[in-house]
Amino acid sequence: MIMSRIEAPRDEATSNLTDRLLAGLPADAVLVDPDVTASYANDMASFCPAGTPAVVVLPRTVEQVQHVMRVATDLRVPVVPQGARTGLSGGANATDGCVVLSLTKMDRVLEISPVDRIAVVEPGVVNATFSRAVEEHGLYYPPDPSSWEMCTIGGNIGTASGGLCCVKYGVTAEYVLGLDVVLADGRLMSTGRRTAKGVAGYDLTRLFVGSEGSLGIVVRAVLALKPKPPQQLVLAAEFGSAAAACEAVCRIMEGGHVPSLLELMDRTTVKAVNELTHMGLPESTEALLLAAFDTPDPAADLAAVGKLCEAAGATQVVPADDAAESELLLQARRSSLVALEAVKGTTMIDDVCVPRSRLGDMIEGVERIAAKHRLTIGVVAHAGDGNTHPTVCFDAQDDDECRRARESFDEIMGLGLELGGTITGEHGVGVLKKEWLAREIGPVGVEMQRAVKQVFDPLGILNPGKLF
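What counts, and at which threshold
- Residues numbered from 1 in each chain as written.
- Predicted model: local features only at pLDDT ≥ 70, side-chain atom pairs only at ≥ 80, totals over all residues.
- Heavy atoms only, no water.
- UniProt positions renumbered as here; feature names shortened; annotations may be inferred.
- Helix = DSSP H or I, 4+ residues; strand = E, 2+ residues; numbered from the N terminus.
- Contact = heavy atoms within 4.5 Å.
- Salt bridge = Lys/Arg side-chain N within 4 Å of Asp/Glu carboxyl O.
- Buried < 20%, exposed > 50% of the residue type's maximum accessible area, 1.4 Å probe, protein only.
- Axes fitted to C-alpha atoms, helices over the stretch in contact; angles between N-to-C directions.
- Parallel < 35°, antiparallel > 145°, perpendicular 65-115°, else oblique.
- Nonpolar A, V, L, I, M, F, W, Y, C, P; charged D, E, K, R; others polar.

- As recorded in an unreviewed UniProt entry, the protein goes by the name FAD-linked oxidase C-terminal domain-containing protein, listed as coming from Streptomyces sp. 900105755.
- Of the comments in the UniProt record for the protein, the one headed Cofactor (unreviewed entry) reads "FAD".

## What to know about the side chain of Thr172
For step 1, the next point in the chain: Counting through the fold element by element, Thr172 comes out in the loop between helix 6 (166-169) and strand 8 (176-182).
For step 2, the next point in the chain: Excluding anything up to four places from it in sequence, Thr172 contacts Tyr141, Pro143, Asn156, Ile157, Ala160 and Ser161.

## Quick look at the pattern of salt bridges
For step 1, the next point in the chain: Tallied over the entire structure, the rule returns 23 salt bridges.
For step 2, the next point in the chain: Linking Glu286 and Arg267 is a salt bridge whose minimum nitrogen-to-oxygen distance equals 2.9 Å. Here Glu286, found in the loop between helix 9 (267-277) and strand 14 (287-293), pairs with Arg267, found in helix 9; they are 19 residues apart in sequence, far enough to count as distant.
For step 3, the next point in the chain: Glu286 sits in the partly exposed class, given a relative accessible area of 25%.
For step 4, the next point in the chain: Note on Arg267: relative accessible area 39%, which makes it partly exposed.
For step 5, the next point in the chain: Asp361 is the salt-bridge partner of Arg358, the closest N and O atoms lying 2.7 Å from each other.
For step 6, the next point in the chain: Overall, the relative accessible area of 32% leaves Asp361 in the partly exposed class.
For step 7, the next point in the chain: If you follow the salt bridges from partner to partner, you end up with Lys344, Asp400, Glu401, Arg403, Arg404 and Glu407 in one network.

## Comments concerning the UniProt feature "domain: FAD-binding PCMH-type" (unreviewed entry) in the protein
For step 1, the next point in the chain: Within this structure's numbering, the places UniProt gives as "domain: FAD-binding PCMH-type" (unreviewed entry) are residues 49-228.
For step 2, the next point in the chain: Across residues 49-228, helical content stands at 22% and strand content at 24%; the span's end C-alpha atoms are separated by 42 Å.

## As for the packing of helix 9 against helix 12 (residues 336-344)
For step 1, the next point in the chain: Running from amino to carboxyl end, helix 9 crosses helix 12 at an angle of 85 degrees, the nearest separation of the two axes being 8 Å. As far as their axial angle goes, helix 12 and helix 9 are roughly perpendicular. Listed contacts from helix 12 to Thr268, Thr269, Ala272, Val273 and Leu276 of helix 9 are Ser336, Val338, Ala339, Leu340, Ala342 and Val343.
For step 2, the next point in the chain: For the contact of helix 9 with helix 12, the per-class residue count stands at eight nonpolar, three polar and no charged.

Structure follows, in structure tokens:
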């Protein structure tokens, strides 16, 4: 195992590490106060162990990142790259004695080119900040994770994140054209291109997207942009069963429609949102489907999709008349995770993606798992992608409930694989799903991925203990 070569630094070694880092970093970029460094120990995932960092560094330049990696290589110290720590798989969790490399201070938008429809950014740029910046140029950056007001572009690249608009526009990987990456030994490598096309050599850019900081440190990214679309309009359709809602999803996609958003909330989620927000959603709603279009004539598209929803058994279809009403309809979806967290105080958010045709089977299976373990599990889904987020609600102070929550989480991942799906559509593997990654890709797949890791990180110092 690559990771076995790393030993946590002793106290004297930590002092040496700090001195070496300070030789190439300003004093305010090196944090050693244990109370401060402890706050960088983990992301937002449940049930994921985290170690104690030796030091936290906050570089502002590429050269400073290179210095950190050279020191880490010389001293054989593990390095854990971090963005905003909004991840849900433990991928940014510290290991004992590591250098936490927080890239949040590298937050500049370096270039926006309306002609080439690209932007060049540093990894610490917040997704929402970047999206608003390109909008001023009449451009659009589609990837929009639910945490877009907090998460960083570097973190999005590390986990290959998605979002609400992926059904039409795709995920982060489809917008990363090129990268500047600091390798484990401190060398700087550029991958990809700035051009609309390019097939020179292996696609190393795609290799780094979704690698969770295990192969190198992304310090700059060239991102593709699209023209800003028209304002979208939203439709809400209520159903008497989740199966009927999933049938509507299948009819919409089979009919060739291309919604900019197609989201589903099950009855548990609808109830939780009602209790938190008092939005007045009908208590009889078993599933709520939200569809949006940003086409030149969205009202016509909504009318066509509304008819398909009615044909699939919708009890009520409510199309929005304008942007303000559309935003009100979307508030239910945006409130869902906060509402589910309020049910018991703690949530464990799964991220299983299945073929669209098996979405109904997935939701019904989650209902059975919830009943078996006597737990509240709400499902929200990027329905157009088949990407479900079963959210297990539990009391973190109740040991038995915690055990049942973890068991249900594993059963949900197993169900996803049985239905021909994957254990993660956009959250990544991190610590949480290491065992399940091995089950999904098999022993040969694990062997090949470890071989790739060995090429880029022969000492095993980059984000050790993640993925496999």
